[in-house]
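Each chain, letter by letter, is given below.
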Amino acid sequence: MSTITTKDADNRKNHCAACGDSDDGGGSLKACTACNLVKYCDRTCQVAHRPAHKKACKKRVAELFDEKLFKQSPPDEDCPICYLRLPIDFDQRMYQSCCGKMMCGGCAHAHIVTAADTERFKCVFCRTELSSSHEEDIERMKKRVEANDARAMVRLGGYYVFGMKGLRQDHAKALELMHKSAKLGNHIAHLNLSVDYQNGDIVEKDTRKATYHRQLAAMAGNIHARYNLGSDEGRACNMDRAFKHWMISANVGHDLAMKAVQEGHKSGFVTKNDYAKTTRAYGNSIDEMKSDDRDRAAAFHASRGSSPRPPVILSE
């Protein structure tokens, strides 16, 4: 059996990388599923070529992963009431257990202030009467979980973590809900799991799993997880990767990430052009999330020393 190099195979897409046989473009050759760089006649050829291909394959897999990891995160969803992008801070969002909608605190506050007495204690979106007790709220939340509402799973899981709203503290149940939500693609669930595995408070500490969930959260658009990845890389002295993460976070309005990019520019880690682009994107994102109602809600809660809602995020 003759052997051709990976480089040769890359130039000969219709040839087996191991034996050199051609399928004349017929499509009978199967590509390496990991890197897609080379093709083989069958499993035998793939196994035979593995020692020669392993290094190039591993390198390409890492490159493909980084392409996904460092792709600019999609912007967060809009509030269904004001149609402005939801705030970054989780405590400025309101989850409605009646309909499963997530709205901004500004709209919720404006409704309470301006609505008639008969409407004030109804959901802003679906007009359902708000829960009158913890028991009713938990029952609604469980129904949302049964309907595969990933947000409800995160919120109910948070209640089990802290033993809130009459529920007994149950870390196993909380983890079950977080994992189920994460499998549905919820980036907040991935963020929470990354913190759980990093700290080891409610589950055995596992830094690899912590990084895994942090990366999935970031790729799904969670900029808090993205910022944390930048911090991880910074502590490991991988400054190029750190600032890539921080610029992505800053682009969608993360304050601490923007401050990190500013310091990076002063220190020479961030180019003048990248700094200018990031600054513009950051400013645009902040403007997209601003409204008078949100400012009034923030001022109201600040004056009372309170948050719009109890915390359900495990940690940040």
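Preceding this paragraph is the structure being described.
Described in the following lines is the structure provided in the data block. Quick caveat, the model's predicted, so the values are computed rather than measured.

For the protein, the count of helices and strands is 13 helices and four strands. Over its C-alpha trace the protein gives a radius of gyration of 25 Å, far above what one expects of a compact globule, namely 20 Å for 316 residues. Along the first, second and third principal axes, the C-alpha set of the protein runs to 85 × 50 × 40 Å. Counting only contacts in the protein whose residues sit at least 6 apart along the sequence, the fraction spanning at least 24 positions is 50%.

Take the side chain of serine 249 next. Considering the arrangement of structural elements, one finds serine 249 in helix H10 (residues 239-251). Using a relative accessible area of 0% as the deciding quantity, one classes serine 249 as buried. If we ignore the near neighbours within four places in the chain, the residues touching serine 249 are Ile223, Arg226, Tyr227, His254 and Ala257.

The next point concerns the environment of phenylalanine 65. Structurally, phenylalanine 65 can be placed in helix H2 (residues 43-69). On the basis of relative accessible area, phenylalanine 65 is assigned to the partly exposed category, the value being 28%. For the pair formed by phenylalanine 65 and glutamate 176, sequence separation is 111 residues and the distance between their alpha carbons is 27 Å. Discounting chain neighbours no more than four positions away, the residues touching phenylalanine 65 are Gln215 and Met219.

Membership of the largest hydrophobic core comes to 43 residues, with the highest contact counts inside it found for Leu156 and Tyr159. Dropping the residues within four chain positions of it, leucine 156 is found in contact with Ile138, Met141, Lys142, Val145, Leu167 and Leu177. One finds Tyr227, Ala242, Phe243 and Trp246 within the second-largest nonpolar core, a separate group that totals 12 residues.

At a minimum axis separation of 8 Å, helix H4 (residues 134-146) and helix H5 (residues 150-162) run at an interaxial angle of 135°. The pairing of H4 with H5 is recorded here as oblique in orientation. Crossing hand, H4 versus H5: left-handed. Contacts between H4 and H5 pair Asp137, Ile138, Met141, Lys142, Arg144 and Val145 from the former with Ala152, Met153, Arg155, Leu156, Tyr159 and Tyr160 from the latter.

Here we come to the packing of aromatic side chains. Scanning the model with the defined rule gives three aromatic pairs in all. Here tyrosine 227 and tryptophan 246 contribute two aromatic rings whose centre-to-centre distance is 6.2 Å and whose plane-to-plane angle is 35°, an arrangement assigned as tilted. Residue tyrosine 227 is found in helix H9 (residues 223-235), and its partner tryptophan 246 is found in helix H10; the two are separated by 19 residues along the sequence. Tyrosine 227 gets classed as buried once you look at its relative accessible area, which sits at 19%. Note on tryptophan 246: relative accessible area 11%, which makes it buried. Among the aromatic residues, those joined into a cluster by ring pairs are Tyr227, Phe243, Trp246 and Phe269.

Counting through the fold element by element, leucine 229 comes out in helix H9. Looking at leucine 229, the relative accessible area reads 5%, which means it is buried. Distance from leucine 229 to asparagine 192, taken between C-alpha atoms, is 14 Å for residues 37 residues apart in sequence. Sequence-distant contacts of leucine 229, defined by excluding residues within four places in its chain, comprise Leu69, Arg214, Gln215, Ala218 and His245.

For the rest of this paragraph, the subject is the pattern of salt bridges. Counted according to the given criterion, the structure contains 20 salt bridges. The salt bridge involving glutamate 63 is made with arginine 60; its shortest N-O contact spans 3.2 Å. Of this pair, glutamate 63 and arginine 60 both sit in helix H2, separated by three residues, roughly a single helical turn. The partly exposed category is assigned to glutamate 63, whose relative accessible area is 34%. For glutamate 119, the salt bridge identified is with lysine 122, shortest N-O distance 3.3 Å.

Next up on the list: unusual backbone geometry. The phi angle at asparagine 36 is positive, at roughly 65°, despite the residue not being glycine. Along the chain, asparagine 36 falls in the loop between strand S1 (30-31) and strand S2 (39-40). Overall, the relative accessible area of 57% leaves asparagine 36 in the exposed class. Positive phi outside glycine occurs at asparagine 148, with the angle close to 65°. As for its placement among the helices and strands, asparagine 148 is situated in the loop between H4 and H5. In this structure asparagine 148 comes out as partly exposed when scored by relative accessible area, which is 43%.

The rules behind each value
Residues numbered from 1 in each chain as written. Predicted model: local features only at pLDDT ≥ 70, side-chain atom pairs only at ≥ 80, totals over all residues. Heavy atoms only, no water. Helix = DSSP H or I, 4+ residues; strand = E, 2+ residues; numbered from the N terminus. Rg over C-alpha atoms; globule rule 2.2 N^0.38 Å. Contact = heavy atoms within 4.5 Å. Buried < 20%, exposed > 50% of the residue type's maximum accessible area, 1.4 Å probe, protein only. Core = buried A, V, L, I, M, F, W, Y, C linked by side-chain atoms within 4.5 Å. Axes fitted to C-alpha atoms, helices over the stretch in contact; angles between N-to-C directions. Parallel < 35°, antiparallel > 145°, perpendicular 65-115°, else oblique. Left-handed = near helix turned anticlockwise from the far one by under 90°. Phe/Tyr/Trp six-rings, centres within 6.5 Å; stacked < 30°, edge-to-face > 60°. Salt bridge = Lys/Arg side-chain N within 4 Å of Asp/Glu carboxyl O.

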